[in-house]
Amino acid sequence: MNVNEYLSKGKNEVKEIIKEAREINKKYNYFNYIDEDATGGKGKLSNLPVSVKDCICVKDMESRAGSLILKGYKPVFDATVISRLRKEGVAIIGKTSQDEFGFGSFSTNTDNIPKNPIDVERSTGGSSGGSGGFTAITKYTHVSIAESTGGSIACPAGFCGVAGFTPTYGVVSRYGLIDYANSLDKIGVMAKKVNEIKPVFDIIRGYDEKDSTSLKLDLNKDEKIKKIGVIKETLNVDEKIKDAVLSKLKDYEEVSLPLVEKYGVTAYYIIALSEASTNLAKYSGLRYGESLDLKGNYNEYFSDVRSKFFSTESKRRIILGTFARMAGYRDAYYLKAMKVRNLIIQEYKKAFKKYDVLISPTMPIIAPKFSEISKLTPLENYMMDIMTVGPNLAGLPHLSVNAGFIGKMPVGLMVIGNHLDDNKVLKFGEKIE
Amino acid sequence: MKIGLEIHVELNSKSKIFCSCATQGSNVPNTRTCEICLGMPGSKPSFNREVLHKALKVALALNCKINKESFFSRKNYFYPDMSRNYQITQYELPLAENGKFEGINIRRIHMEEDPGALIHFGSITLIDYNRSGMPLIEIVTEPDFKTPKEARTFLNKLITLLEYLNVYVREEETTLKADANISLEGGERVEIKNVTGLREIERCLEYEAKRQEIELATFKETRGWDAEKGVTYSLRKKESENDYGYLTECDLPMLELSDTLLNEIKKEIPELPNQKIKNFIDKYKLNKDDAEVIASDLKLAELFEQISHKIDAKIAANYLRRDLLGQLEYNKLQVKDLKIGEHGVKDIGVMLNLYQKNKINNNILKTLTIRLIKEGKIGEIKEQVSDDSQLKKWCKEAIENNKSVVEDYKKGNENSLNFLVGYVMKLSNKSANPQKVREILKEMI
Amino acid sequence: MKIDKELIESISKNARLKLSDKEIEKFSHELKDVLEAFSKLKEVNTDKVEPAFHPIKIVNRFREDIVKESLKQEDALKNAKHKKDGYFVAPKTIDK
């Protein structure tokens, strides 16, 4: 049942969905934690079952961001989005599985790997894999609160055939989100249908004084779509993916974004990894998370804990990120990437002078098999984000909707809007879905 | 000899720099903490406006150039007292630069947070994060000091200035710390880290200067100060040139300071110590020494200004310096412990008036001052006894009971008269007018 | 610049990561590729371009100087495995 219908009818299927989640989890690994006793309450979202990506803090619920090093961490506070949702009566049914700290596009960098709902030998995409998978497979009314840094909402939405919305950076509070990269992280919403996203988005968005990067600006009211631009460079993919996307559009023009295509992934990763490498410094076995017996001196202890409990991918990213901001390299990498980001934002802004929304495929491929993923080099892995990094780097609102299928695997279409055009993006998505 | 200081001052805002935990209160460990100053995953900092205002006041009072645009950075290093293993500080663009105070050039002033406190306990270390997130400003001077004494004098004046600005609480000297740099002619610079309090700062510099005189420093070094043993010691070399890998603090936006704000802050700066001293000399006609002593404490200076409405400035200054400060020291108290309200000020005026008119003597003054210190008011003033008949009675008694002393005086011993005066004072329970007593005794003898 | 074993070792030490010889070997290969790709940024002319630290420029966010309730001691320590008498416990520290 659609969220809007569920709410208007005052339904309560929380117990049922929890039972389903428990069963599904045995095969699909969508949840790191299920709250058997979850209940809802009164409010605008009364008794709406909501799953939450593991990196978003829910008070007293283990929130380990898909990592081992944070195992056992039970936050003593709710993320702002969670307290706003609770106020409106949602039932938080559990924490969904993900790539550790958001590091990945296939949700394989974790101990609890979610499987694609349509083909269990394939990935759900990442890093919000558990959210994407469960949203697709559940027979009950449900939305998932997920998170995107470089495309972690759009990608699993595309691979699992559901709608995934990432708002303008700063529109939804990051307070309580376990950081990947502070200038790139955004909390968003996944649901089966686009029109199920807005009622939840309207509750979680808006200025939060606890998040100093939270925007005080209002969303734009204008939702009219006059001109549609398709990003030329993104059409360089499998014919079938291209056709699926273009078949959804009536009138459009091709627009070229050369900077995004050439330097987007690079600028994104340098910024993301630099910020991540400092964000992950706090995991050292002292105040929360995994720890070891206290022996040796503190430096040895920190190294022992971090080396034991961080995954290889985390270590790789920490090393890269530390390098990019070390004295001597900062200007060439970290600062340079920040300047390139500025140029990329300007490139988008120029395009938005002419077009209301920009379109591209969400991902350059359909959901890959796990066996294929393991053969990818780190660089090939990072290049998978080529479609999604652009809007994420520029902090633009973007939505992935299902555009069709290749065989049985879904193909995602991404709608990108200008800063604060969140409502326009959602409106358009509803139309073409 | 060249000495430079990096001074850490704890500001007296009500809440911490990046969270709303109280800066004062419970000393029970980890009871003034929250998810932010504990660095819990998911928490984010939020910058205290009052800390900016206080830091700006200091920067303006030290004649610095304010950077209209500045931001916070993450200084990354691993240590158990660091709740996030990075400190939020200002690196590339500090709040203020290029100031001058008391002839010393100020290189820069920036804001940052304090880490937690460690207690070493055998093979483990205990951590209390109450202090984590306390607001600090760091004032870095150029190496302009030529002696350790100069450094201490500067710090005293700096503390007075900070008190005048109401940004700092002088509390057992635990809230001012410094890293001190010292080099001798031809030698390398040695840094002594983390010295607490003015006395220790001067001591460690004196020790290090002597140590370098014996053996000139041939390489740049960082040392610690052992206050108990009174020596500096080599700190185990930190791994490599600790690359802090500075990053902008991406959870906190840039600061853009307007002229309007700076003008508002300027208006909040009160008359500063140097100006007060000048005023005391020019307007109130005090001598330099009295002026400096009274201006060295804001509360004392304000008390002086209030009393001088009712009483001659010189008498007020004398009273404060000699009697009030004297009694405070004797009772092991400080000016900040005084609780003198409007009433108390009035009382002092009345008391000094009577003293000026010779209606009360020094002893009574002393008694009343003690009462003032202990109770914050003077209360009933019993004037000294100047009634001739009563005085003559006591003098007669003194003479009759001390015949030998009287003889001594007649022989020319002046001290004997003092003894007799003292005897009368005792008889009268210190309430006799000593000058009159002396005259009467002389007459009688 | 040289992506060699030494560089990887010094970075991992800075980041408090103990890497095995095999890991160091693997990383130095992988990182060489990644860093080469990163170096492509050199091609972009960024003269007179301001760095964009956030996608939308945000300035001057302040919190008022009002005290709010702190966590109870037990909540502050709740997630720590090593604690004693209200303190967090760490292994032996030497001077900074």
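Structure: above.
**Q** Would you take a moment to explain the overall build of chain A for this structure?
**A** Helix and strand counts for chain A come out as 15 helices and eleven strands. For chain A, the spread of C-alpha atoms along the three principal axes comes to 65 × 55 × 45 Å. Looking at chain A residue by residue over its 433 residues, the buried ones come to 69%. Counting contacts in chain A only where the partners sit at least 6 residues apart, residues at least 24 apart contribute 76% of the total. A total of about 13800 Å² of accessible surface is found on chain A, and carbon and sulfur atoms cover 48% of it. Of the side chains in chain A, 62 bear a positive and 53 a negative charge, and the two mean positions are spaced by 2 Å.

**Q** Explanation requested: the interface of chain A and chain B in the structure shown.
**A** Interfaces are often sized by the accessible area lost when the parts come together. Contact with chain A, which involves 37 residues of that partner, is made by 35 residues of chain B. Interface area for chain A against chain B, summed over the two sides, is near 2900 Å², with a carbon-plus-sulfur share of 54%. Sorting the residues of chain A by area buried against chain B places Tyr175, Ser212 and Arg287 of chain A first, and these three jointly supply 19% of that buried surface. Lys44 of chain B serves as the salt-bridge partner of Asp179 of chain A, at 2.8 Å between the closest nitrogen and oxygen. Along the contact surface separating chain A from chain B lie 21 residue pairs in polar contact (both at pLDDT 80 or more). Looking at the side of chain A that touches chain B, the elements with two or more residues in it are helix H8 (258–279) and helix H9 (298–309) of chain A. Across the side of chain A that touches chain B, the residue classes break down as 17 nonpolar, ten polar and ten charged.

**Q** Hey, could you run me through the sheet that holds strand E10 (residues 135–141) of chain B in this one?
**A** In any sheet, the strands associate via hydrogen bonds between backbone groups, in a parallel or an antiparallel arrangement. Residue and element names in this part refer to chain B. Here nine strands make up an open sheet; going across it, the order is E2-E6-E7-E10-E1-E11-E12-E13-E14 and the pairing mixed. On the outer flanks of this sheet lie strand E2 (65–66) and strand E14 (231–234), each paired with one strand and no other. Note: E2 against strand E6 (residues 96–101), two bridges, orientation antiparallel. Bridge assignment links Ile66 to a residue of E6, and that residue is Ala96. Against the sheet, helix H1 (residues 49–61) touches E2, E6, strand E7 (104–113) and E10, its axis set at about 175° to E7.

**Q** Quick question: what am I supposed to make of the pairing of strand E6 (residues 186–191) of chain A here?
**A** Put simply, side chains in a regular strand alternate between the two faces of the sheet. Residues and elements named next belong to chain A. Of all six residues that make up E6, six are buried, and the element is covered over most of its length. Where strand E5 (residues 163–166) and E6 come together, three bridges link them in antiparallel fashion. Each residue of the ladder has a partner; that of Ala163, found in E6, is Ala191.

**Q** I would appreciate a short explanation of the nonpolar core in the present structure.
**A** If you look at soluble globular proteins, the nonpolar side chains tend to sit buried side by side. Core analysis: the largest hydrophobic core is formed by 166 residues, its most contacted members being Ile56, Phe101, Leu358 and Ile359 of chain A. The dominant element in this core, judged by the number of residues it contributes, is helix H11 (residues 331–354) of chain A, at twelve residues. Beyond its immediate sequence surroundings of up to four residues, Leu358 of chain A is in contact with Gly229, Ile231, Val255, Leu257, Tyr348, Ala351, Phe352, Met414, Val415 and Ile416 of chain A. Residues Ile3, Ile109, Leu176 and Ala209 of chain B belong to the second largest nonpolar core, which totals 61 residues.

**Q** Quick question: what am I supposed to make of the packing of aromatic side chains here?
**A** For any pair of aromatic rings, the description rests on two quantities: the centre-to-centre distance and the angle between the ring planes. Residues and elements named next belong to chain A. Tallying each qualifying case throughout the model produces 35 aromatic pairs over all chains. With 5.1 Å between their ring centres and 80° between their planes, Phe165 and Phe201 make a pair best called edge-to-face. Of this pair, Phe165 sits in strand E5 while Phe201 sits in helix H6 (residues 197–204), placing them 36 residues apart in sequence. You can call Phe201 buried: its relative accessible area is 0%. Ring geometry for Tyr269 against Tyr382: centres 4.3 Å apart, planes inclined by 25°, an arrangement best described as stacked. Residue Tyr269 is located in helix H8, and its partner Tyr382 is located in helix H13 (residues 378–383); the two are separated by 113 residues in the primary sequence. The same class applies to Tyr269 and to Tyr382, which are both buried. Three or more aromatic residues link up through ring pairs in this structure, and these residues are Tyr73, Phe101, Phe103, Tyr180, Tyr283, Tyr288 and Phe310.

**Q** Is there a simple way to think about the interface of chain A and chain C in this case?
**A** Contact residues are listed per partner, giving 73 residues for chain A and 55 residues for chain C. Buried surface at the junction of chain A and chain C, summed over both partners, amounts to about 5600 Å²; 68% is from carbon and sulfur atoms. When the buried surface of chain A facing chain C is broken down by residue, Tyr263, Tyr298 and Ile319 of chain A rank first, second and third, together holding 11% of it. Inspection of the region where chain A meets chain C yields five salt bridges. Here Asp60 of chain A and Lys78 of chain C are joined by a salt bridge, their closest N and O atoms 2.9 Å apart.

**Q** Sorry, what's going on with the pattern of salt bridges here?
**A** Pairing between side chains becomes possible if they bear opposite charge and their charged atoms approach one another. Counted under the stated rule, the structure contains 63 salt bridges over all chains. Residue Arg64 of chain A is joined to Asp111 of chain A by a salt bridge in which the shortest nitrogen-to-oxygen separation is 3.0 Å. Linking Arg64 of chain A in the loop between strand E2 (49–53) and helix H3 (80–87) with Asp111 of chain A in the loop between strand E3 (91–96) and helix H4 (129–137), this pair joins segments that are 47 residues apart in sequence. Taken together, the shared-partner salt bridges connect Arg174, Asp179 and Asp211 of chain A together with Lys44, Arg74, Glu249 and Asp251 of chain B into one network.

**Q** Quick question: what am I supposed to make of helix H3 (residues 198–214) of chain B here?
**A** The α-helix advances 3.6 residues per turn, and as a result positions three or four apart in sequence lie on the same side. Residues and elements named next belong to chain B. With 17 residues, H3 should cover 24 Å at 1.5 Å per step; its first-to-last C-alpha distance of 25 Å lies within 8% of that length. Taken as a whole, H3 has its buried residues at Leu198, Glu200, Ile201, Glu202, Cys204, Leu205, Glu208, Ala209 and Gln212. On its buried face, H3 is in contact with strand E1 (2–10), helix H2 (148–164), strand E11 (176–183), strand E12 (190–196), strand E13 (221–226) and E14.

**Q** Can you help me understand the sheet that holds strand E1 (residues 83–84) of chain C in this one?
**A** Across the sheet, which stays open at both edges, the four strands sit in the order E8(B)-E9(B)-E2(C)-E1(C) with antiparallel pairing between neighbours. Every interior strand has two partners, whereas the edge strands, strand E8 (117–121) of chain B together with E1 of chain C, have only one. Note that strand E9 (residues 124–128) of chain B and strand E2 (residues 87–91) of chain C share four bridges and pair antiparallel. Residue pairing in the sheet places Ile124 of chain B in a bridge with Pro91 of chain C of E2 of chain C.

Rules used in this analysis
Residues numbered from 1 in each chain as written. Chains lettered and ligands numbered in written order. Predicted model: local features only at pLDDT ≥ 70, side-chain atom pairs only at ≥ 80, totals over all residues. Heavy atoms only, no water. Helix = DSSP H or I, 4+ residues; strand = E, 2+ residues; numbered from the N terminus. Buried < 20%, exposed > 50% of the residue type's maximum accessible area, 1.4 Å probe, protein only. Contact = heavy atoms within 4.5 Å. Areas by Shrake-Rupley, 256 points an atom, 1.4 Å probe, with all protein chains shown as cover. Lys, Arg positive; Asp, Glu negative; His and termini not counted. Charge placed at Lys NZ, Arg CZ, Asp CG, Glu CD. Buried area = accessible area lost by both parts, 1.4 Å probe. Salt bridge = Lys/Arg side-chain N within 4 Å of Asp/Glu carboxyl O. Polar contact = N/O pair within 3.5 Å; in protein donor to acceptor, adjacent residues only side chain to side chain. Nonpolar A, V, L, I, M, F, W, Y, C, P; charged D, E, K, R; others polar. Pairing = 2+ DSSP bridges. Axes fitted to C-alpha atoms, helices over the stretch in contact; angles between N-to-C directions. Core = buried A, V, L, I, M, F, W, Y, C linked by side-chain atoms within 4.5 Å. Phe/Tyr/Trp six-rings, centres within 6.5 Å; stacked < 30°, edge-to-face > 60°. Expected span 1.5 Å × (residues − 1).

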